[in-house]
Amino acid sequence: MSDSAARDRDAAETASAFSHPPVAPDASAAYGSHPDQLIDFYAPRDGRTGAPVVVVLHGGSWRAPYDRQHVSPFADFLARRGFAVASVEYRRGSELPQQRGSGPVAGRWPETFDDVAAAMDALPALLARELPQADARRIVVTGHSAGGQLALWAAARHVLPEGSPWRLPAPPELRGVVALAPIADFATAVALDVCSGAVGQLLGREGDFGERAPHVDPAVLLPTGIATTVVQGTTDVDVPQAVAEAFVDAAAKAGETVGLTLLPEVGHFPLIDPAADACAVVAEELAQLAW
């Protein structure tokens, strides 16, 4: 496929994914005092009890213009498949352009990770209150793009470096992780300039990057012992296939098997687009771990 054809396809896929109107949650709850420290809850549409829970961490390069609203149709799609869904908001990079740059900065250190850790820690109690029909013993975490990195990180907190404020003393009680086109290997993402330097903006430059990466780069937080699957489109121009493959290779070198589901002729956004066949594949991957 030519570069122009790839760009045209990506534009069409992006337009389709963002064409769905936002879907209001059945309930929302705060896990902190900041306005972005919220979780939206979607009850299973068939009214079942004992439904497994999918935690959704949205993408958007950890940048403020992208919030959980763009994955609300995806959350509703999963609720219509019988899942209880918890869609997490978290603090992201400033709306203001970075110094010497034209785009908004990616992520906030350490607030982005403070928030994901706090949301996951608060989830059991919030589920009991807001979605009592859900089975909090069966939780699968998913995330798209930058949210895929956060999903992998949420499952790896027990292997964070000693002294990390986010480290857990034992593995989190998760059925698994399904990471969707995740920014899962920071070295590869930086080499490919994924999302216009988002990883460098998230971690900072030079000394900060080297100090922070071991705390949040999924490719070095291995093995986790948590069942993990990566779903990746082969024609993704936003987070290329090479990033997912580098993560899977890193897991193998660490003695862990990570599933890799490659979807031919699929780009970045069909994975969260309810109108796309790829989204149904994602639901099946979640079901494999949840039920």
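As a reminder, the structure under discussion sits directly above these lines.
Nothing here was measured: the structure is a model prediction, and the numbers come from that model. (Residues numbered from 1 in each chain as written. Predicted model: local features only at pLDDT ≥ 70, side-chain atom pairs only at ≥ 80, totals over all residues. Heavy atoms only, no water.)

As a further point, take the environment of isoleucine 39. By the element assignment, isoleucine 39 lies in strand β2 (residues 38–42). A relative accessible area of 0% places isoleucine 39 in the buried class. Measuring from C-alpha to C-alpha, the distance between isoleucine 39 and valine 85 comes to 9.7 Å, with 46 residues separating the pair along the chain. (Helix = DSSP H or I, 4+ residues; strand = E, 2+ residues; numbered from the N terminus. Buried < 20%, exposed > 50% of the residue type's maximum accessible area, 1.4 Å probe, protein only.)

As a further point, take the side chain of serine 61. In this structure, serine 61 sits in the loop between β3 (51–57) and α2 (72–80). Residue class for serine 61 comes out buried when judged on its relative accessible area of 9%. Contact partners of serine 61, with chain neighbours within four places excluded, come to Ala106, Gly107, Ala146, Cys195 and Ala198. (Contact = heavy atoms within 4.5 Å.)

On inspection of all chains with the given rule, the structure shows 8 aromatic pairs. Seen in terms of ring centroids, phenylalanine 83 and tryptophan 291 are 4.9 Å apart; in terms of plane orientation they differ by 40°. Their pairing is tilted. Note that phenylalanine 83 is positioned in the loop between α2 and β4 (84–88) and tryptophan 291 in the segment after α9 (277–290), a separation of 208 residues in sequence. What makes phenylalanine 83 buried here is its relative accessible area of 1%. (Phe/Tyr/Trp six-rings, centres within 6.5 Å; stacked < 30°, edge-to-face > 60°.)

Time to look at the packing of helix α3 (residues 111–130) against helix α4 (residues 146–154). Contact geometry of α3 with α4 gives a least axis separation of 11 Å together with a crossing angle of 55°. It follows that α3 is oblique to α4 by the angle criterion. Remark: the crossing between α3 and α4 carries right-handed chirality. Two secondary-structure elements touch here, α3 through Thr112, Phe113, Val116, Ala117 and Met120 and α4 through Gln149, Leu150, Trp153 and Ala154. (Axes fitted to C-alpha atoms, helices over the stretch in contact; angles between N-to-C directions. Parallel < 35°, antiparallel > 145°, perpendicular 65-115°, else oblique. Left-handed = near helix turned anticlockwise from the far one by under 90°.)

What follows concerns unusual backbone geometry. Along the chain, tryptophan 109 connects to proline 110 via a cis peptide bond; the corresponding omega equals 5°. Within the fold, proline 110 resides in the loop between β4 and α3. The omega angle of the peptide bond from leucine 222 to proline 223 is -5°, so this bond is cis rather than trans. For proline 223, the position within the fold is in the loop between α7 (207–216) and β7 (228–233).

What the 8 strands build is an open sheet, ordered β1-β2-β4-β3-β5-β6-β7-β8; its pairing is mixed. Single-partner strands in this sheet number two, and they are β1 (27–30) and β8 (259–263). With strand direction ignored, the average angle separating the axes of adjacent strands in the sheet is 20°. Pairing of strand β5 (residues 134–144) with strand β6 (residues 176–180), which is carried by 5 bridges, proceeds in the parallel orientation. Within β6, the residue paired with valine 140 across the bridge is glycine 176. Packing against the sheet, α3 makes contact with β1, β2, β3, β4 and β5, and its axis sits at approximately 40° to β2. (Pairing = 2+ DSSP bridges.)

Two numbers describe how α2 lies on α9: the axes approach to 11 Å, and their chain directions differ by 55°. Here α2 lies oblique to α9, going by the angle between them. The interaxial crossing formed by α2 with α9 has right-handed handedness. Mapping the contact onto sequence places Phe74, Phe77 and Leu78 in α2 and Cys279, Ala280, Val282, Ala283 and Leu286 in α9. Tallied by class, residues from the contact of α2 with α9 come to 8 nonpolar, no polar and no charged. (Nonpolar A, V, L, I, M, F, W, Y, C, P; charged D, E, K, R; others polar.)

Spatial relationships are all this shows, so hold off on functional conclusions.
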